[in-house]
Amino acid sequence: MSLTDDEQRALDQIERELRRGDPVLADRLDRAPTREIRAQRVAWARGTMWAGLVLMVAGLAAARGLVSIGAVVCAYGVLIAVVSVGVVWHNRTRPGGRTPNRRTNT
């Protein structure tokens, strides 16, 4: 659904006033990742998480002691899985595409 010419002019005026009134906020909003970028990050992180879990299981299967290649592979798998969960958590969105308020942790 496209905007009418009057609505587009009003929106442009609001944007100009925002940029003039609070340039720091305007710059921060310009650098904010879009919903599509967040979705791509989450998709990659989920795939990486599964790869980390596979590495963890393979490392456990190959481990012959505390200091072995299998134990190292398992440790890397756990690290990859944990970091991926962190990326998913950081880029999560609520239903409707809203991002959670980071100040109140909701």
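Data block above holds the structure.
Structure report, in brief. (Residues numbered from 1 in each chain as written. Predicted model: local features only at pLDDT ≥ 70, side-chain atom pairs only at ≥ 80, totals over all residues. Heavy atoms only, no water.)

### Notes on the packing of helix α1 (residues 5-21) against helix α2 (residues 23-31)
And step 1. Here α1 crosses α2 at 120 degrees, and the two axes come no closer than 5 Å. Facing Leu18, Arg19, Arg20 and Gly21 of α1, the residues of α2 in contact are Pro23, Leu25, Ala26, Leu29 and Asp30.
And step 2. Its residues placed into classes, the contact of α1 with α2 shows five nonpolar, one polar and three charged. (Axes fitted to C-alpha atoms, helices over the stretch in contact; angles between N-to-C directions. Helix = DSSP H or I, 4+ residues; strand = E, 2+ residues; numbered from the N terminus. Contact = heavy atoms within 4.5 Å. Nonpolar A, V, L, I, M, F, W, Y, C, P; charged D, E, K, R; others polar.)

### Remarks on the pattern of salt bridges
And step 1. On inspection of all chains with the given rule, the structure shows two salt bridges.
And step 2. Among the salt bridges present, the one from Asp6 reaches Arg9, with a minimum N-O distance of 2.4 Å. Here Asp6 and its partner Arg9 are both found in helix α1, three residues apart, which amounts to about one turn of the helix. The residues Asp6 and Arg9 share a single accessibility class, namely exposed.
And step 3. Across the pair Glu15 and Arg19 runs a salt bridge whose closest N-O atoms are separated by 3.2 Å. Of this pair, Glu15 and Arg19 both sit in helix α1, four residues apart, which is roughly one turn of that helix.
And step 4. Since its relative accessible area comes to 35%, Arg19 is described here as partly exposed. (Salt bridge = Lys/Arg side-chain N within 4 Å of Asp/Glu carboxyl O. Buried < 20%, exposed > 50% of the residue type's maximum accessible area, 1.4 Å probe, protein only.)

### A short note on helix α4 (residues 69-90)
And step 1. With 22 residues, α4 should reach 32 Å at 1.5 Å per residue; the first-to-last C-alpha distance of 32 Å fits that figure.
And step 2. Within α4, burial applies to Gly70, Cys74, Gly77, Ala81 and Ser84. Angular distribution of buried residues about the axis of α4 spans 95 degrees; they occupy a single face of the element. Along α4, exposed side chains directed more than 90 degrees from the buried face belong to Tyr76 and Val82. (Expected span 1.5 Å × (residues − 1). Arc of directions from axis to C-beta.)

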